[in-house]
Amino acid sequence: MLEREAIKWLREWRRKRDRKPLVLRGARQVGKTTLIKSFGKEFDVFLYFNLDVKEDLDIFREEKNISDLFELMLAVKGKPKKVSETLLFIDEIQNSSLAIKMLRYFYEEIPELCVVAAGSLLETLVNVNLSFPVGRVEYMALRPCSFREFLNAMGENALADMVKNVSVPMLLHEKVMSLFNKYVLVGGMPQAVAQYAESRDIVSLRNVYQSLLAGYMDDVEKYESKTIMRQILRLIITKGWTYAGERIVFGNFAESNYKSRDVAEAMRMLEKTMLMELVYPTTALNVPIMPDMKKRPKLMWLDTGLMNFAAGVQSELFGKTDVTDSWRGKQAEHIVGQELLAHNPMFLSARSFWVREDRNSQAELDYLYNHPLYGLFPIEVKSGHNAHLKSLHLFMTESKLGRAFRFWNSPYSEDEVAVKNQYSDCRFMLYNLPYYYAGEIETLIEKIYGML
């Protein structure tokens, strides 16, 4: 079975003194149900209710006293009463507004009971009457498998530990990069990772990707009643993958005739399902980083492997020793962005990039990473041997920050960079990092500051 590191977050949640019912959020098929079922094995009693099943949904047909409801749940599943060692998991909770309402009373009246809820966000969004009790629940995001999880699935546990500790020796760099290239091709969707780990055949994953895309499309057809919105959602899910990593305009998206307002509404709906993200630029040079919602955003999808398949570029990548140097470098930027979020359980985490769009000064920096303790770190992603860093130099000159990251396909190295132009000059440390360290950025930062 594919082990997810998110189970560690669940264990931390379980130990919290003021624990609230947990709402697990994530795109369809990122492994929410499998994760909680695995977590349930750590309890004496595991109560699982799938509200797609009529018998389970019937439990929530009528409002009941919370104690009576819990007793009924135990009786229906034939489980003993042992509240402090019980995990209650309500799956597909969007099918019952009453079940959502009852989360509040589980928190207030049976706080020792561990309660987790999950569901399909698209279905929740199209029903505006559904809302979770404010202040009575907490949230956790589950995303596709990280590179480290991919390594563990492939049986490369020792390499996974080296990546986690940012300690891959030079001798093993080529091997880890080769595995990272496979990860870019396969992606992090759990079913794809598990099947590839067993078969080692990328072609065999075709049915997995097709099934995932069909599931997203089925959601649109089933739950969106407005014809125009259904058509736009279908367009985005069908053609939007080819715009991954690009700055987009909403009006006439993908050579359509749809209006900007309608396309923006559809994309924000998909964004809330965590299927994609609109990454807006900032012009800020220091914290706080405020996105400029008037500027064109970048379109980023949840998974690079699925993106490669849906965009029809997988065949271009077969046999390449460095897949991140393909498709105009889109894979490199996209997979780094994916890894930046891979180990973050926060639902509202968002990425950001920097732009300068003055008439006589155009620049764009791939990402800005804001560490809660050590502040802002600019990130440039350069595939292959492209060493031009003009945008980074401009940013560092104006921000006066002392450190920056560049992700590339070569081993770890450090450079002291001096930049001088007609306006200013600066010196900063540039940390050149192999792509496979992108998911370990917090460890990298802590190691850097630990060496001071």
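Cut-offs used in this document
Residues numbered from 1 in each chain as written. Predicted model: local features only at pLDDT ≥ 70, side-chain atom pairs only at ≥ 80, totals over all residues. Heavy atoms only, no water. Pairing = 2+ DSSP bridges. Helix = DSSP H or I, 4+ residues; strand = E, 2+ residues; numbered from the N terminus. Axes fitted to C-alpha atoms, helices over the stretch in contact; angles between N-to-C directions. Contact = heavy atoms within 4.5 Å. Buried < 20%, exposed > 50% of the residue type's maximum accessible area, 1.4 Å probe, protein only. Arc of directions from axis to C-beta. Salt bridge = Lys/Arg side-chain N within 4 Å of Asp/Glu carboxyl O. Phe/Tyr/Trp six-rings, centres within 6.5 Å; stacked < 30°, edge-to-face > 60°.

K.L.:
Looking at this model, I keep getting lost on the sheet that holds strand β4 (residues 114–118). Mind explaining?
P.N.:
With respect to topology, 5 strands assemble into an open sheet ordered β2-β3-β4-β1-β5, the strand pairing being parallel. Where the open sheet ends on each side, the last strands, each with one partner, are β2 (45–50) and β5 (138–141). Between one strand axis and the next, the sheet turns by 20° as a mean value, whatever way the strands run. As judged from the 4 bridges shared by strand β1 (residues 22–25) and β5, these two strands associate in the parallel manner. Paired with Arg25 across the two strands is Ala141, which belongs to β5. Taken strand by strand, helix α4 (residues 66–77) contacts β2 and β3 (86–91), and its axis lies near 90° from that of β2.

K.L.:
Help me understand helix α2 (residues 32–40) in this model?
P.N.:
Think of an α-helix as 3.6 residues a turn; residues three or four steps apart then line up on the same face. Looking at α2, one finds that the buried residues are Lys32, Leu35, Ile36, Phe39 and Gly40. Along the long axis of α2, the arc covered by the buried residues comes to 140°, so they all point the same way.

K.L.:
Would you take a moment to explain the pattern of salt bridges for this structure?
P.N.:
Where charged atoms of side chains with opposite charge meet at close range, the side chains can pair. Taken as a whole and judged by the stated rule, the model has 26 salt bridges. Residue Asp58 is joined to Lys54 by a salt bridge in which the shortest nitrogen-to-oxygen separation is 2.9 Å. Arg427 is paired through a salt bridge with Glu416; the nearest N and O atoms lie 3.4 Å apart. Linking Arg427 in strand β15 (residues 425–434) with Glu416 in strand β14 (residues 413–420), this pair joins segments that are 11 residues apart in sequence. Note on Arg427: relative accessible area 56%, which makes it exposed. Given a relative accessible area of 56%, Glu416 falls into the exposed group.

K.L.:
So what exactly am I meant to see when it comes to the packing of aromatic side chains here?
P.N.:
Geometrically, a pair of aromatic rings is defined through the distance of the ring centres and the angle of the planes. On inspection of all chains with the given rule, the structure shows 19 aromatic pairs. A centroid spacing of 6.4 Å and a plane angle of 25° characterise the contact between Phe147 and Phe150, whose relative ring orientation is stacked. You can see Phe147 and its partner Phe150 sitting in helix α7 (residues 147–153), 3 residues apart, about one turn around the helix. Summarising the burial analysis for this pair, Phe147 and Phe150 share the class buried. Centroid distance Phe150 to Tyr196: 6.3 Å. Interplanar angle 15°. Geometry classified as stacked. Within this pair, whereas Phe150 is found in helix α7, its partner Tyr196 is found in helix α10 (residues 190–199), the two being separated by 46 residues in sequence. Taken individually, Phe150 and Tyr196 each receive the classification buried, so the pair is uniform in this respect.

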